[in-house]
Amino acid sequence: FTLHYVTNPSIEILDSERARGSWYFNVAATYAPTNKAIYLAGRYNDEYVKREGEWVYQRIVLDIFYSTDYDHGWAQQRWNLPGPIVVREAANRKV
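This report concerns the structure included in the present document. (Residues numbered from 1 in each chain as written. Predicted model: local features only at pLDDT ≥ 70, side-chain atom pairs only at ≥ 80, totals over all residues. Heavy atoms only, no water.)

## Some details on unusual backbone geometry
- Within the chain, Asn8 stands out as a residue other than glycine whose phi angle is a positive 50°.
- Mapped onto the elements, Asn8 comes out in strand β1 (residues 2-13).
- Of note in this structure, Asn35 is not a glycine but carries a positive phi near 60°.
- The residue Asn35 is located in the loop between β2 (18-31) and β3 (36-51) in this model. (Helix = DSSP H or I, 4+ residues; strand = E, 2+ residues; numbered from the N terminus.)

Right, dumping it as structure tokens:
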């Protein structure tokens, strides 16, 4: 299970074929390997390209600010995962 709350979009058009964007997120999820409830927060840093007249993702990078067990919360237990994490390269998926 995962639920992403994505906020504060910022998209910059670099030229007629390229753009970049960032989105802050909060995630409530069940971490599959341990079946524990967790929270994550961070920022997506995206790169977009225009292909055949449509914007698609070129690159998605996940910059995690914190990840913690639900039972402990971020005040008692905060750790950073190695990052930034490249989620997808040349995804070619519509934006």
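Having put the structure on the table, let's press on.
## Side note on the nonpolar core
- Among the nonpolar cores identified, the biggest contains 12 residues, and these are Ala19, Phe25, Val27, Ala29, Ile38, Leu40, Tyr44, Tyr48, Tyr57, Ile60, Leu62 and Ile64.
- The set of elements that each furnish at least two residues to this core consists of β2, β3 and β4 (54-69). (Core = buried A, V, L, I, M, F, W, Y, C linked by side-chain atoms within 4.5 Å. Buried < 20%, exposed > 50% of the residue type's maximum accessible area, 1.4 Å probe, protein only.)

## What to know about the pairing of β3
- Sheet topology note: the β2/β3 ladder contains 14 bridges and is antiparallel. Across the sheet, the residue bridging to Val27 is Leu40, located in β3.
- Hairpin connection from β2 to β3: four residues lie between these consecutive antiparallel strands, with Asn35 at a positive phi of about 60°.
- When β3 meets β4, the two strands line up antiparallel, connected through 14 bridges. Looking across to β4, one finds that Asp46 is bridged to Ile60.
- In this antiparallel pair of consecutive strands, β3 and β4, the connection spans two residues, and Glu52 shows a positive phi of 50°. (Pairing = 2+ DSSP bridges.)

## Structural notes on the pairing of β1
- Here β1 pairs with β2 via 10 bridges, running antiparallel. Residue Leu3 lies in a different strand from β2, and its bridge partner there is Ala28.
- Linking β1 back to β2 in an antiparallel pair, the connection comprises four residues.

## Regarding the environment of Glu17
- Mapped onto the elements of the fold, Glu17 is located in the loop between β1 and β2.
- A residue is classified by how much of its surface remains accessible, and Glu17, at 39% relative accessible area, is partly exposed.
- C-alpha separation for the pair Glu17 and Val49, spaced 32 residues apart in sequence, amounts to 5.4 Å.
- Sequence-distant contacts of Glu17, that is, excluding residues within four places in its chain, are made with Tyr48, Val49, Lys50 and Trp55. (Contact = heavy atoms within 4.5 Å.)

## Brief notes about the packing of aromatic side chains
- With the rule as written, the count across this model stands at four aromatic pairs.
- Measuring from ring centre to ring centre gives 6.1 Å for Tyr24 and Phe65, while their planes differ by 50°; the resulting arrangement is tilted. In this pair, Tyr24 is assigned in strand β2 and Phe65 in strand β4, connecting sequence segments 41 residues apart.
- For the pair Phe25 and Tyr44, a centre-to-centre distance of 4.9 Å together with 45° between the ring planes defines the contact as tilted. With a gap of 19 residues between them, Phe25 in strand β2 and Tyr44 in strand β3 connect regions that are remote in the sequence. In this structure, Phe25 and Tyr44 share a single accessibility class: buried. (Phe/Tyr/Trp six-rings, centres within 6.5 Å; stacked < 30°, edge-to-face > 60°.)

That is the geometry; function is a separate question.
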